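Letter by letter, the chains look like this.
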Amino acid sequence: MIRKTMMKRSAGMLTAGALALAAVAVWAQNAAAPSGAAVSPVPTPSVPASTVDATQPTPQATQTPAANDPQAQLVRQGEYLARAADCAACHTAPKGKPFAGGLPIASPIGTIYSTNITPDKDTGIGSYSLEDFDKAVRHGIARNGATLYPAMPYTSYAKVRPADVKALYAYFMNGVQPVAQANKATDIPWPMSMRWPLSIWRKMFAPAVVADAASTDNDPISRGRYLVEGLGHCSACHTPRGFALQEKALTDDSTAFLSGGVVDNFLAKNLRGDPTDGLGNWTQGDITAFLKGGRNDHSAAFGGMSDVVQHSTQHMNDDDLAAIAKYLKTLKPVDPNAKALAYDDTVAKALRVGSDKSNGALTFLDNCAACHRSTGKGYTQTFPTLALSSTVNSVDPTSLIHIVLRGAEMPSTKSAPTHYAMPGFDDRLTDQDVADVLTFVRSSWGNKAPAVTAAQVAKVRKDVGATPQPQR
Ligand code: HEC
Ligand code: HEC
Ligand code: HEC
């Protein structure tokens, strides 16, 4: 279900692709600009398998009988990379066969469907050459020459090195079960179904694909950057978007990169070094624990991130997770003057003696304190802390409203199998109650974030399809 809603984000993006770019197209024709210069030619990956094996860390526990067969090793390497890139998130429909596509992606102009990327010759990509595959994955161009909807995150995958594309190709051709399942046509009506505006979008916003460089993977920070910018496509959710819904930055050359974006009515929050709403107070170990187990002493994964942890990051090896964490810790804060928050026990004391009679405090005591406690500190790894939480202190309250209305469930992971859940309060709390309790949470225990209004709650209630507010 989360996956399905996650897709609405991409759908919004493709709407913009069609709408905003109709305007851009007119501009482009007059300005005689996009000559395709931004699109570099398809490289011909020619790195021998043995080089790939030597330069890339392989997943742990690969001691199978065929461990020394280079082809089998390449396939396994590709499987690992497909997890890191979370290809299944979009190409496997709920209850569908792995990678057979058909995930509906709703949009205001119609529905598109992810495609069958199993090696079936007729309905999948079984007859694709490595070059065809590369063109789709990194350049965003289908075999028939049409541009793909940017719902397929090719602007990130452009950073994937040819050697890794080759391993991915080996996996999809030899490690995935072919499934005969025809692709569904979009039901977007003409003229919105025309793909040419997408090619202009692509020429304007897609970066040039990378070539095979001498491997820098021995340096954890380079390896981390490579995984975050490329396969992990973290910025597809965590970077704010510009006028045509393109990501405002695809690399750390701007502090917009990974500074937070709203995706599917969740804030994919700031991952930069800010001490209040970013990862400034998280250690490298905190980050790896979160990506591996879906929780740590600061927070727990929910929304789209719960899926990312479940299907992708928990399967990455410890070296790669450490590399990602090390790299994220190099990102400078958006606000260099932001000061770390400090815990303040005034509110905890007031709650204990019952002296705070505000609607926010009373709503908290009645609905939240059993799990998150009157100290706001919760129970570590079980019910996350609200005190000094970077999630709570993010300026944009979308995630908080969403989680209070609809509840949330942590991912179940190999290292932390119990997935604790929070109930939704949409049928119990009015918009004003939710605004009051969140305003209370955001100004207690040392937290400092702007108040939440009933109008903001009403909007999220509508956008996430929660039940109408109770009548009193
Ligand atoms: C966030 C969602 C998403 C992720 C992640 C994703 N894809 Fe896609 N992909 C799509 C969608 C949607 C399409 C169809 C786009 C269209 O119809 O224009 C697509 C199209 C493709 C195509 C073109 C298929 C064809 O019929 O020509 C290939 C190949 C492909 N994806 C492979 C991959 C691989 C390999 C990965 C992982 C490395 C991946 N995708 C990850 C959403 C995704
Ligand atoms: C499909 C969208 C999506 C993608 C892709 C994604 N994230 Fe997230 N991420 C989110 C959302 C939404 C949240 C906020 C909810 C939460 O804290 O779990 C989040 C939260 C996080 C947090 C917790 C931050 C905090 O302070 O609580 C970390 C760390 C994180 N993401 C890292 C990553 C990394 C690293 C990648 C790439 C490997 C990534 N994310 C890819 C959507 C995404
Ligand atoms: C039954 C226990 C329970 C109750 C009651 C509860 N929560 Fe939660 N809360 C949780 C759990 C479990 C999570 C983690 C969910 C996840 O990660 O998917 C959570 C997560 C959160 C988060 C996100 C914190 C983070 O950093 O990940 C916020 C904010 C929050 N709750 C606020 C509230 C508010 C406000 C109330 C009362 C209206 C409330 N909760 C009631 C169990 C509870």
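Residues numbered from 1 in each chain as written. Chains lettered and ligands numbered in written order. Predicted model: local features only at pLDDT ≥ 70, side-chain atom pairs only at ≥ 80, totals over all residues.

- The protein chain has the name Gluconate 2-dehydrogenase cytochrome c subunit in an unreviewed UniProt entry, where Pandoraea captiosa is given as its organism.
- Regarding the protein chain, the relevant UniProt record gives this comment under Subcellular location (unreviewed entry): "Cell membrane". (UniProt positions renumbered as here; feature names shortened; annotations may be inferred.)

1. Considering the site of ligand 1
Reasoning step 1: Residues in close proximity to ligand 1 total 26 residues, the closest being A85, C87, C90, A136 and M152.
Reasoning step 2: Secondary structure elements with two or more residues in the shell around ligand 1: α4 (87–91) and α5 (130–139).
Reasoning step 3: Residue contributions to the shell around ligand 1 peak at four residues, all from α4.
Reasoning step 4: Of the residues assigned to the shell around ligand 1, the class counts are 20 nonpolar, four polar and two charged. (Near = placed C-beta within 6 Å. Helix = DSSP H or I, 4+ residues; strand = E, 2+ residues; numbered from the N terminus. Nonpolar A, V, L, I, M, F, W, Y, C, P; charged D, E, K, R; others polar.)

2. Topic: the site of ligand 2
Reasoning step 1: For ligand 2, the set of nearby residues contains 28 residues, the closest of which are G232, C234, C237, G304 and M305.
Reasoning step 2: Breaking the shell around ligand 2 down by element, the ones donating at least two residues are α10 (235–238), β4 (266–268), α11 (284–293) and α12 (304–311).
Reasoning step 3: Taken together, the residues that form the shell around ligand 2 break down as 17 nonpolar, ten polar and one charged.
Reasoning step 4: Counting the residues that make up the shell around ligand 2, at least three belong to each of domain 2 (222–330) and domain 3 (345–464). (Domains from an automatic or database assignment.)

3. Topic: the nonpolar core
Reasoning step 1: Ranked by internal contacts, the top residues of the largest apolar core, which has 75 residues, are L81, L168, Y171, I324 and L328.
Reasoning step 2: Counting residues per element, this core draws most heavily on helix α7 (residues 162–174), at eight residues.
Reasoning step 3: When residues of this core are sorted by domain, at least three fall in each of domain 1 (70–205) and domain 2 (222–330).
Reasoning step 4: Not counting residues up to four positions away in its chain, the partners in contact with I324 are G224, L227, V228 and L291.
Reasoning step 5: L351, C368, I401 and W445 belong to the second-largest nonpolar core, a separate cluster that totals 28 residues. (Core = buried A, V, L, I, M, F, W, Y, C linked by C-beta atoms within 7 Å. Buried ≥ 20, exposed ≤ 12 C-beta atoms within 10 Å, placed from the backbone. Contact = placed C-beta atoms within 7 Å.)

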